[in-house]
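Secondary and tertiary structure notes
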Amino acid sequence: GAVVSQHPSWVICKSGTSVKIECRSLDFQATTMFWYRQFPKQSLMLMATSNEGSKATYEQGVEKDKFLINHASLTLSTLTVTSAHPEDSSFYICSAGGGIYNEQFFGPGTRLTVL
Amino acid sequence: LAKTTQPISMDSYEGQEVNITCSHNNIATNDYITWYQQFPSQGPRFIIQGYKTKVTNEVASLFIPADRKSSTLSLPRVSLSDTAVYYCLVGVENRDDKIIFGKGTRLHILP
């Protein structure tokens, strides 16, 4: 099946710094990608829809100025957590659709820890 | 998107068949039923999708009754490595449509 990668797989940063997470579709093009966050023992929460060449669409309650999304090419979307705080520590996962069942392919996730 | 209800957790033993049922009373005519599996600290992965009756692949079977108001994911002869969270999703499958995940079913396989 198609592969979606994320980089880095984990990151530790100090409070107040910004962190960029990359999501790549390795063998297919994705005009739309999705970003989720997941806290321990909880389900995935959709944060935003990343649209190639246009602005991202954010879910209600997600601060667009804090979670900057850029989808500059058909294979790359980036999520930048600006001025990170400890409460932003979470598991961030991206996905892109396009299987034979139009299913989503998910990246392996990025573990963010803010000290 | 149709609301789904699944058991929060299930325990089973290695070698057993595990059936996880999902209720979706408000499923629409054009909706498909899709199941994803998520191992700890990994992204979810697609398991199986169906519209009606029965679908089987190398991983699982999906049973859907005629009224389509529920579905059952069947995992044959589970092993410890099947310990994961299983999510049932109902909707029109379009690659660019967002997915809203429910709570899923946390399956724990015991030796």
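Presented here is a report on the structure given in the accompanying data block. (Residues numbered from 1 in each chain as written. Chains lettered and ligands numbered in written order. Predicted model: local features only at pLDDT ≥ 70, side-chain atom pairs only at ≥ 80, totals over all residues. Heavy atoms only, no water.)

For the coordinates displayed, the defined rule picks out 11 aromatic pairs over all chains. On the numbers, 6.1 Å between centres and 80° between planes, the contact of B:Tyr36 with B:Phe46 is edge-to-face. Separated by 10 residues along the polypeptide, B:Tyr36 in strand β3 (residues 32-38) and B:Phe46 in strand β4 (residues 45-50) bring together distant segments of the chain. Take B:Tyr36: its relative accessible area is 1%, and that puts it in the buried class. Judged by its relative accessible area of 17%, B:Phe46 is buried. Taken together through their ring pairs, the aromatic side chains of A:Tyr36, A:Tyr101, A:Phe106, B:Tyr36, B:Phe46, B:Tyr87 and B:Phe101 make up a single cluster. (Phe/Tyr/Trp six-rings, centres within 6.5 Å; stacked < 30°, edge-to-face > 60°. Helix = DSSP H or I, 4+ residues; strand = E, 2+ residues; numbered from the N terminus. Buried < 20%, exposed > 50% of the residue type's maximum accessible area, 1.4 Å probe, protein only.)

As a general point, the strands of a sheet are linked pairwise by backbone hydrogen bonds and lie either parallel or antiparallel. Residue and element names in this part refer to chain B. Spatial ordering of the open sheet is given by β1-β9-β8-β3-β4, a layout of five strands whose pairing is mixed. Since the sheet does not close on itself, it has two edges, and those belong to β1 (9-13) and β4, each with one partner. Taken pair by pair, the neighbouring strands of this sheet meet at an average axis angle of 25°, ignoring direction. As defined by bridge partners, β3 adjoins β4 across five bridges and the pair is classed as antiparallel. Across the sheet, the residue bridging to Gln-37 is Arg-45, located in β4. (Pairing = 2+ DSSP bridges. Axes fitted to C-alpha atoms, helices over the stretch in contact; angles between N-to-C directions.)

All names here are of chain A. On the surface, Trp-10, Ile-12 and Leu-115 cluster together into a nonpolar patch covering about 390 Å² of accessible area. Inspection of the secondary structure puts Leu-115 in the segment after β11 (110-114). By relative accessible area, Leu-115 is classed as exposed at 63%. (Patch = residues over 30% accessible without salt bridge, like charges linked within 9 Å, V, L, I, M, F, W, Y side chains within 5 Å. Areas by Shrake-Rupley, 256 points an atom, 1.4 Å probe, with all protein chains shown as cover. Salt bridge = Lys/Arg side-chain N within 4 Å of Asp/Glu carboxyl O.)

The next point concerns the interface of chain B and chain A. Contacts between chain B and chain A engage 21 residues on the former and 27 residues on the latter. When the two sides are added together, the surface that chain B and chain A hide from each other amounts to roughly 1900 Å², 51% of it contributed by carbon and sulfur. Summed over the three residues of chain B that lose the most area to chain A, namely B:Arg95, B:Lys98 and B:Phe101, the buried surface amounts to 30% of that side. If you look at where chain B meets chain A, you find one salt bridge. We note a salt bridge from A:Glu59 to B:Lys98, for which the minimum N-O separation is 3.0 Å. (Contact = heavy atoms within 4.5 Å. Buried area = accessible area lost by both parts, 1.4 Å probe.)

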